Amino acid sequence: MLKAIILIGGPQKGTRFRPLSLDTPKPLFPVAGRPIIQHHIEACVQLPELKEILIIGYYQQSQMEGFVGDMQNLYSINIRYLQEFTSLGTAGGMYHFRDQIRAGNPRAFFVLNGDVCADFPLQELYSFHTQRPSSALVTIMSTEATHQQSLHYGCLVFDRTSGAVSHYVEKPSSYVSTYINCGVYVCSMDIFTKLAQIFHAKGEEYSCVSYCNGNGNGKEQGHIKWEQEVLTPLAGTDMLYAMPVPNWWSQLKTAGSAIYANRHYLALYKKTHPERLANVGTKRGEGDGNLICTILPDVYVHPSATVHHSAVLGPNVAIGPGVTIGPGVRIRESIILEQAQIKDHTLILHSIVGRGSTIGAWARVEGTPSDPDPNKPFAKMENPPLFNNEGKLNPSITILGCFVQIPAEKILLNSIVLPHKELSRSFKNEIIL
Ligand code: GDD
Ligand code: GTP
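Position numbers for residues count from 1 along each chain, tracking the sequence in the order it is written. Starting at A for chains and at 1 for ligands, labels are handed out in the order in which the entities are written. A pLDDT threshold of at least 70 governs which residues receive local features in this predicted model, and a stricter bar of 80 or more applies before side-chain atom pairs are shown or counted, although totals over entire chains, interfaces and linings include all residues. Side-chain numbers come from the whole structure's heavy atoms, not from hydrogens or water.

Identification of the protein chain as Mannose-1-phosphate guanyltransferase alpha from Drosophila lebanonensis is taken from an unreviewed UniProt entry. UniProt lists a comment for the protein chain under the heading Sequence similarities (unreviewed entry), and it reads "Belongs to the transferase hexapeptide repeat family." UniProt positions are given in the numbering used here, feature names are shortened, and annotations may be inferred rather than shown by experiment.

Right, here's the structure in full:
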């Protein structure tokens, strides 16, 4: 039996995802019509041996229970959300909930960062792990990045034949290796012995009294950094391995990377769920005869959305539940969230339109893509800060928070609009608070 853990962090994380993470926890933001971590779950359920998925984070139970219930109904495996009482770091939660992970005696478990997206090769990763020496505690999924970009990730040096990792540095200040940590792992159950050693060693360092009676913030001993405190010391000991994979992989930190992930997950549907993709001339709904508009693949349209037949959608567009799209609308490289209304002849490019927003007729909403440099092999998405050195907004995709209203005939370019705003004029390169 196998299990999987998905690490999702909590409300203080995902700041670069604002304003989209203001009303939905970032792990539940829909990409290609499915919440980000549903793609992780779908990769996990492909493994017949995998019996339970534990989602670990510090969001309130109430924010996750609807999603977990839906997942539980959809897939015939056990899916639960375990809430950390405070941020315990990338390994603290794993140690805190060790009994739940060990219950039922799994042979091994996967750990997946909730903020990555990929064509997850979980079966290959598991097979690779089982073929390593019995001393192997962790196998890391690794991919190649450029020299300069590698510094933003965990970097590893490993033997190309055995996969043994000899050196691991988390976000080094100078170049170590172009092989980076994808935030996807297979762990043997003996990893808990290591975690216990780390936990107890920390307990000796910090006063247990302050930890127990709440004088400390509870972080000292229970907070464990997986990368720095576990992976780095495991390197060079024959306990840490890496499997380089050529599959598509990216971090999902900014709204710009959501558009990039949207494109790749839609492309992946061709292989995994072709029925989810809208085809040119698809009939919508039972007997309604509503011929879907012109589709330039790949496009996902939720069955409850209403799209006028003269609209043109795609490539790389996801339309959420209850969305209304009027005549003559053109949408490309964008995500339109539930209940949004896109009025006649509006143009939307490289943008995310929040839940319940309304865009008036003949408006133009446009952003700037921040795709990886196609001329650089192994280039990953850049996740630039919101502002440049002069304090100006870096051109990026345009984002409308939930329930934003854009009047007819206005132009919105490279802007971020906070929820519930009613714009009265056009804007360019601005954050509208
Ligand atoms: N449960 C829980 N509790 N999850 C957490 C916590 C916590 O206290 N802190 C972070 N996480 C989750 C995040 O939601 C995310 O999914 C994952 O753990 C890693 O988060 P970060 O701490 O933001 O690390 P990172 O994304 O900058 O870097 C990590 O991932 C890279 C690949 O995307 C590292 O593992 C790098 O080495 C790696 O290259
Ligand atoms: P490429 O695919 O980039 O080669 O160019 P294209 O001319 O086919 O245009 P694209 O697919 O990028 O989509 C833009 C389409 O929207 C074009 O057909 C434009 O005529 C149309 N368009 C541009 N601005 C507006 C607008 O403000 N409103 C509407 N309704 N359509 C527009």
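*Asks:* Even after reading the chapter, I still don't get the packing of helix α3 (residues 89–96) against helix α10 (residues 226–234), so can you show me in this structure?
*Replies:* Remark: α3 packs on α10, axes separated minimally by 6 Å, with the N-to-C direction vectors making an angle of 80°. On the basis of the axis angle, α3 is roughly perpendicular to α10. Here T90, A91 and M94 of α3 come into contact with α10, specifically with W226, E227 and V230. Gly counts as polar in this scheme, as do all residues outside two lists: the nonpolar Ala, Val, Leu, Ile, Met, Phe, Trp, Tyr, Cys and Pro, and the charged Asp, Glu, Lys and Arg. Grouping the amino acids of the contact of α3 with α10 by side-chain chemistry returns four nonpolar, one polar and one charged. Helix axes use the C-alpha atoms of the stretch in contact, all axes being lines fitted to C-alpha atoms, and the angles between their N-to-C directions lie in the range 0 to 180 degrees. Only runs of H or I of at least four residues qualify as helices and only runs of E of at least two qualify as strands under DSSP, and these elements are numbered from the N terminus. Orientation categories follow fixed angle ranges, with anything under 35 degrees roughly parallel, anything over 145 roughly antiparallel, 65 to 115 roughly perpendicular, and all other angles oblique. By definition in these notes, contact holds between two residues if any of their heavy atoms fall within 4.5 Å.

*Asks:* Which parts of the structure should I look at to understand the sheet that holds strand β26 (residues 351–353)?
*Replies:* The seven strands are arranged β17-β20-β23-β26-β29-β32-β34 in an open sheet whose pairing can be described as parallel. Here the strands that pair on one side only, and so sit at the sheet edges, are β17 (299–301) and β34 (431–432). Examined bridge by bridge, β26 and strand β29 (residues 398–400) share three bridges and lie parallel to one another. Counted as the bridge partner of I352 is I399 from β29. Relative to the sheet, helix α11 (residues 255–272) contacts β17, β20 (317–319), β23 (334–336), β26 and β29, its axis offset from that of β23 by approximately 95°. Two strands make a pair as long as DSSP finds a minimum of two bridges between them.

*Asks:* Can you walk me through the pattern of salt bridges in this structure?
*Replies:* Side chains that differ in charge, positive against negative, can pair when their charged atoms come close. Any carboxyl oxygen of Asp or Glu within 4 Å of a side-chain nitrogen of Lys or Arg constitutes a salt bridge here. If you walk through the whole model with that rule in mind, you get 14 salt bridges. Between K253 and D115 there is a salt bridge, with the nearest N and O atoms lying 2.5 Å from each other. Of this pair, K253 sits in the loop between β13 (249–251) and α11 while D115 sits in the loop between β6 (108–113) and β7 (116–118), placing them 138 residues apart in sequence. Given the relative accessible area of 18%, D115 is considered buried. Via salt bridges that share partners, K3, E52 and R80 belong to a single interconnected network. In this scheme, a residue with accessible area under 20% of its type's maximum is buried, one over 50% is exposed, and one in between is partly exposed, where area comes from a 1.4 Å probe on protein chains only.

*Asks:* When you look at the packing of α3 against helix α7 (residues 191–205) in this model, what are you seeing that I'm missing?
*Replies:* Between two packed helices, the angle of one axis relative to the other and the distance separating the axes together describe the packing. Across the interface, α3 lies against α7 with an axial gap of 10 Å and an inter-helix angle of 110°. One way to sum up the angle between α3 and α7 is to call them roughly perpendicular. Residues A91, M94 and Y95 of α3 touch α7, and the partners they reach there are F192, L195, A196, F199 and H200. Partitioned by chemical class, the residues of the contact of α3 with α7 number seven nonpolar, one polar and no charged.

*Asks:* Would you mind showing me how to read the site of ligand 1 here?
*Replies:* Nearness is judged by heavy atoms alone; a residue qualifies as near a molecule or strand once a single heavy atom is within 4 Å of it. With respect to spatial proximity, 28 residues lie near ligand 1, and among them E84, E170, N181, E227 and K253 are the closest. Measuring from an oxygen atom of ligand 1, one finds a backbone N or O atom of I8 at 3.3 Å. The term polar contact refers here to a pair of N or O atoms within 3.5 Å; inside protein, the definition further demands a hydrogen-donor-capable atom paired with an acceptor-capable atom, and it admits residues adjacent in sequence only when both atoms are side-chain atoms. Contact distances for ligand 1 include 2.7 Å between an oxygen atom and a backbone N or O atom of G89. Computed on the free molecule, ligand 1 has an accessible area of 730 Å², of which 92% lies beneath the protein chains in the complex. Contributions of two or more residues to the shell around ligand 1 are made by β1 (2–9), β4 (50–57), α3, β10 (165–170), β11 (179–188) and β13. Taken together, the residues that form the shell around ligand 1 break down as eleven nonpolar, ten polar and seven charged. To be clear on the numbers: accessible area is Shrake-Rupley with a 1.4 Å probe, and residue cover counts the displayed protein chains and nothing else.

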